[in-house]
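Descriptive analysis of the structure
Here's the letter readout for the chains.
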Amino acid sequence: MKKSNWLLLVLALVLSMFLAACSTGGDSEGSEGSDSEGGEGTAEEGGESTEQVLNLINGDEIPSMDPSMATDTYAFEFLGATMEGLYRLGEGGKPVPGIAKDHTVSDDALTWTFNLRDDAVWSNGDPVTANDFVYAWQRAVDPATGSEYGPYMMGGVIKNATAVNKGEVPVDQLGVTAKDDHTLVVELEKPVPYFESLTTFGTFLPLNQAFVEEQGDAFATDMDKLVYNGPFKFTEWNPGDGDWTLEKNPDYWDAETVKLEKMNFKVVKDTATGINAYETGEVDRAGLSADFVDQYSTHEDYKIQEETTVFWLKFNQVWKDGPSNGALANENIRRAISMAFDKQALAETILNNGSIPATGVVPLNFAPHPETGEDFRKINGDLVTSDVEAAKEAWQKGLEELGVDSLTVEFLGDDSDTAKNMNAYLKNQLETNLEGLTVELKEVPFEQRLDLDTNMTYEIEFAGWGPDYLDPNTWLNLWETGGGNNMMGYSNPEYDALLKKANNELALKPVERFETFLEMEKILLEEDAAVAPVYQRARALLVKPYVKGILKNPFGPDYEYKWAYKGEE
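1. Notes on the overall build of the chain
Tallying secondary structure elements over the chain gives 18 helices and 24 strands in all. Here the C-alpha atoms of the chain give a radius of gyration of 23 Å, agreeing with the 25 Å that 2.2 N^0.38 yields for 569 residues. By residue count, 60% of the 569 residues in the chain fall in the buried class. For the chain, the exposed surface amounts to about 20700 Å²; the carbon and sulfur share of it is 44%.

2. With respect to the confidence of the model for the chain
Low pLDDT marks regions whose predicted coordinates should not be analysed in detail. For the chain, mean pLDDT is 90; residues scoring 70 or higher make up 91% of the total. Under a pLDDT of 50 for its full length, residues 1-22 has, in the predicted model, 119 contacts with residues more than four places off or in other chains. Below a pLDDT of 50 lies the segment residues 25-46, which in the model reaches 94 contacts outside its immediate sequence neighbourhood of four places, other chains included.

3. Looking at the sheet that holds strand E4 (residues 53-58)
In any sheet, the strands associate via hydrogen bonds between backbone groups, in a parallel or an antiparallel arrangement. With respect to topology, four strands assemble into an open sheet ordered E4-E13-E12-E11, the strand pairing being mixed. This sheet does not close on itself; its edge strands, each paired only once, are E4 and strand E11 (232-237). Within the sheet, the average angular offset between the axes of one strand and its neighbour, ignoring direction, is 25 degrees. Note: E11 against strand E12 (residues 243-248), five bridges, orientation antiparallel. Among the inter-strand pairings, Lys233 is bridged to a residue of E12, identified as Glu247.

4. Some thoughts on helix H8 (residues 271-279)
Of all the positions in H8, only Thr271, Gly274, Ile275, Ala277 and Tyr278 are classed as buried. The buried residues of H8 occupy an angular sector of 160 degrees when projected down its axis, which confines them to one face. Buried-residue contacts for H8 involve E4, strand E14 (285-288), helix H9 (290-296), helix H14 (417-433) and strand E20 (531-543). Residue Asp270 occupies the N-cap position of H8, its side-chain oxygen lying 3.3 Å from the main-chain nitrogen of Ala272.

5. Focus: the pattern of salt bridges
Enumeration over the complete set of coordinates arrives at 19 salt bridges. Its salt-bridge partner being Lys159, residue Glu187 comes within 3.7 Å of it at the nearest N-O pair. Of this pair, Glu187 sits in strand E10 (residues 183-187) while Lys159 sits in the loop between helix H4 (149-154) and helix H5 (161-165), and the two are 28 residues apart along the sequence. With a relative accessible area of 30%, Glu187 lands in the partly exposed category. In this structure Lys159 comes out as partly exposed when scored by relative accessible area, which is 35%. For the salt bridge of Lys266 with Glu282, the shortest nitrogen-to-oxygen distance reads 2.7 Å.

6. A look at the sheet that holds strand E9 (residues 176-180)
Sheet architecture is open: four strands sit in the order E7-E8-E10-E9, paired in antiparallel fashion. If you trace the sheet from one side to the other, it starts and ends with strand E7 (100-105) and E9, each paired once. Sheet twist, expressed as the mean angle between neighbouring strand axes with direction ignored, is 25 degrees. As judged from the five bridges shared by E7 and strand E8 (residues 111-116), these two strands associate in the antiparallel manner. Paired with Thr104 across the strands is Thr113, a residue of E8. Running over the sheet, helix H3 (residues 130-141) touches E8, E9 and E10 and is turned about 165 degrees from E9.

7. So, a negative patch on the surface
Taken together, the side chains of Glu371, Glu505, Glu512 and Glu515 define an acidic patch exposed on the protein surface. Structurally, Glu505 can be placed in the loop between helix H17 (493-502) and helix H18 (510-527). Classification of Glu505 by relative accessible area gives exposed; the value is 56%.

8. Topic: the packing of aromatic side chains
Across all of its chains, the model carries 31 aromatic pairs by this definition. Between Phe234 and Trp237, the ring centres sit 5.1 Å apart and the planes meet at 25 degrees, which makes this aromatic pair stacked. Comparing Phe234 with Trp237 shows no difference in burial state: the two are buried. Each member of the aromatic cluster is reached from another via a ring pair, and the members are Tyr87, Trp112, Phe114, Phe133, Trp137, Phe195 and Phe204.

9. Topic: the side chain of Asn208
By the secondary structure assignment, Asn208 is in the loop between helix H6 (195-198) and helix H7 (209-215). Of note is the side chain of Asn208, whose polar atom sits 3.1 Å from the side chain of Asp126. If we skip the residues at most four places from it in the chain, Asn208 touches Trp122, Asn124, Asp126, Asp132 and Val227.

10. A few points about the pairing of strand E15 (residues 302-315)
Taken across its 14 residues, E15 has 10 buried, putting it largely inside the fold. Sheet topology places E15 next to strand E19 (residues 460-465); six bridges connect them, and they run antiparallel. Directly across from Val310, in E19, lies its bridge partner Trp465.

11. Overview of the environment of Glu435
Topologically, Glu435 is positioned in the loop between H14 and strand E18 (437-444). In sequence terms Glu435 and Trp395 are 40 residues apart; their C-alpha atoms lie 8.4 Å from each other. In this view, Glu435 contacts Trp395 and Leu399; residues no more than four positions away in its chain are not counted.

12. A word on helix H10 (residues 331-339)
Here H10 lies mainly inside the structure; eight of its nine residues are buried. Regarding H10, the residues found buried are Asn332, Ile333, Arg334, Arg335, Ala336, Ile337, Ser338 and Met339. Where H10 starts, the residue carrying a side-chain oxygen 2.9 Å from the main-chain nitrogen of Asn332 turns out to be Asn330.

13. Digging into the environment of Ala532
In this structure, Ala532 sits in strand E20. The class for Ala532 is buried, based on a relative accessible area of 0%. Apart from the residues within four sequence positions on either side, Ala532 is in contact with Trp312, Leu313, Phe315, Ser338 and Phe341.

14. Regarding the nonpolar core
Ranked by size, the top nonpolar core spans 114 residues in total, and within it Trp137, Ile158 and Phe195 carry the most contacts. No other element matches H3, which puts eight residues into this core. Apart from residues no more than four positions distant in its own chain, Phe195 is found in contact with Trp112, Phe114, Trp137, Val157, Ile158, Val186, Leu188 and Phe204. Grouped together as the second largest cluster of nonpolar side chains are 34 residues, Ala327, Ile337, Met339 and Phe411 included.

15. Regarding the side chain of Asn353
Here Asn353 lies in the loop between helix H11 (343-351) and strand E16 (356-357). Of the polar contacts made by the side chain of Asn353, one reaches the side chain of Ser355; its length is 2.8 Å.

What counts and what doesn't
Residues numbered from 1 in each chain as written. Predicted model: local features only at pLDDT ≥ 70, side-chain atom pairs only at ≥ 80, totals over all residues. Heavy atoms only, no water. Helix = DSSP H or I, 4+ residues; strand = E, 2+ residues; numbered from the N terminus. Rg over C-alpha atoms; globule rule 2.2 N^0.38 Å. Buried < 20%, exposed > 50% of the residue type's maximum accessible area, 1.4 Å probe, protein only. Areas by Shrake-Rupley, 256 points an atom, 1.4 Å probe, with all protein chains shown as cover. pLDDT = per-residue confidence, 0-100. Contact = heavy atoms within 4.5 Å. Pairing = 2+ DSSP bridges. Axes fitted to C-alpha atoms, helices over the stretch in contact; angles between N-to-C directions. Arc of directions from axis to C-beta. Polar contact = N/O pair within 3.5 Å; in protein donor to acceptor, adjacent residues only side chain to side chain. Salt bridge = Lys/Arg side-chain N within 4 Å of Asp/Glu carboxyl O. Patch = residues over 30% accessible without salt bridge, like charges linked within 9 Å, V, L, I, M, F, W, Y side chains within 5 Å. Lys, Arg positive; Asp, Glu negative; His and termini not counted. Charge placed at Lys NZ, Arg CZ, Asp CG, Glu CD. Phe/Tyr/Trp six-rings, centres within 6.5 Å; stacked < 30°, edge-to-face > 60°. Core = buried A, V, L, I, M, F, W, Y, C linked by side-chain atoms within 4.5 Å.

Put into structure tokens, the structure is as follows:
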């Protein structure tokens, strides 16, 4: 299909994919940078007569509401709305007090003591105590739980987390203790510069031990099997029904601050359906794909939201049961695919929503140099760019090394309408520019794609990642050999050694640590062509002017609703 047709077809793309707070997926409506959605205003503007109800779209079902088992953007979104950890992300993505009132750090930065508020309770009336954190964190790393994120987020951070997960020491040896009901002491494996921001993340949420154990395997499988300590709670949620309702939690310790009484969510994967719902007043926010951007760019409700989520093509280097028989293990084949599609045209014309081409894995405007303040992305520059001639050269070299003159590869992507358009665009670009390449699309629901990723039963995956905390490590530790989110068989001893160095001997040397991360990204992309960066996401959307106070987080849950409200219509 000619490019001009793609301009009409694709669009937006996508929000799709991700892993871990990250795996990102879907193409629901967007949010805005770290800005407050809806601009300035106060809750009082809505007046007592304004019904505090918002109707919103979600890109897919919620895969899990179990903090120990959650790995994706939708799970962390609604865990963030219904639960609260030691800290919560506030304006500008800065941690603000949650269940913890404050904390102290020892001189060696290894012991953190959190002072918990005494007025926090669960929705069943039980007090939220330090033991709730001890139990939840132990459960997350207990190998019997089978958590993916527990060992990923806590390993090498909380003392003994890795040893516990490997079964080398009992779970009670994890470095977290309840000094009393309202004093939590955390021992770290080593100084962790970003630990405070980690405590806002879903894996670090507390759990009511008695309630969880009473539910057994049924815990978190529907709204009746959940208990809440956050601003909202489910009043309707039956997984698979395609819609759910959150209402204000009257038992939340800071319920007085929460103005919104109810949020109704419905799953909408089709952009046109979402826009129609917006036009008829059924929903208060709707995402736009490229073809709708031109139609709505002058609409008074039109907004562009910049994000720190990056999308890339993952190359599975070890799975040999796909149609290419493991060809992605060949560096030249990976490098050829990385350069063989026009990401500038994709971002500017096909997406047309403010997204920009990705030329590295660490996004623009995310991590400033500790001394100069210069952005990580600007320092490391464009590491992977579109270059069809270089792609063809690498492709021929790769085919010769494999002893073949053609290849068929499987391409795994999401099944929303925008994701399908994007998948088709990339298939067209790759097959057009790499002679002898056939791309077989495999488009599945978000949750199924995550399962295929976890099982590493794919060849190329169109995936994305949103950061879990404010540090380059949240990106560059993804490719540690055997890491919980590697899931593509990448392994480079030099890369691993630099990662270990950055997070150990350089932990308290911010400049050297930052520069080590710069070096790691070059190894990953320039030397190994491990993944192919595609784009850094922005979203074009329509937002009703009365939607106020929704924060767009730079990491963790996409949206923060605690301070949201409905202004005057």
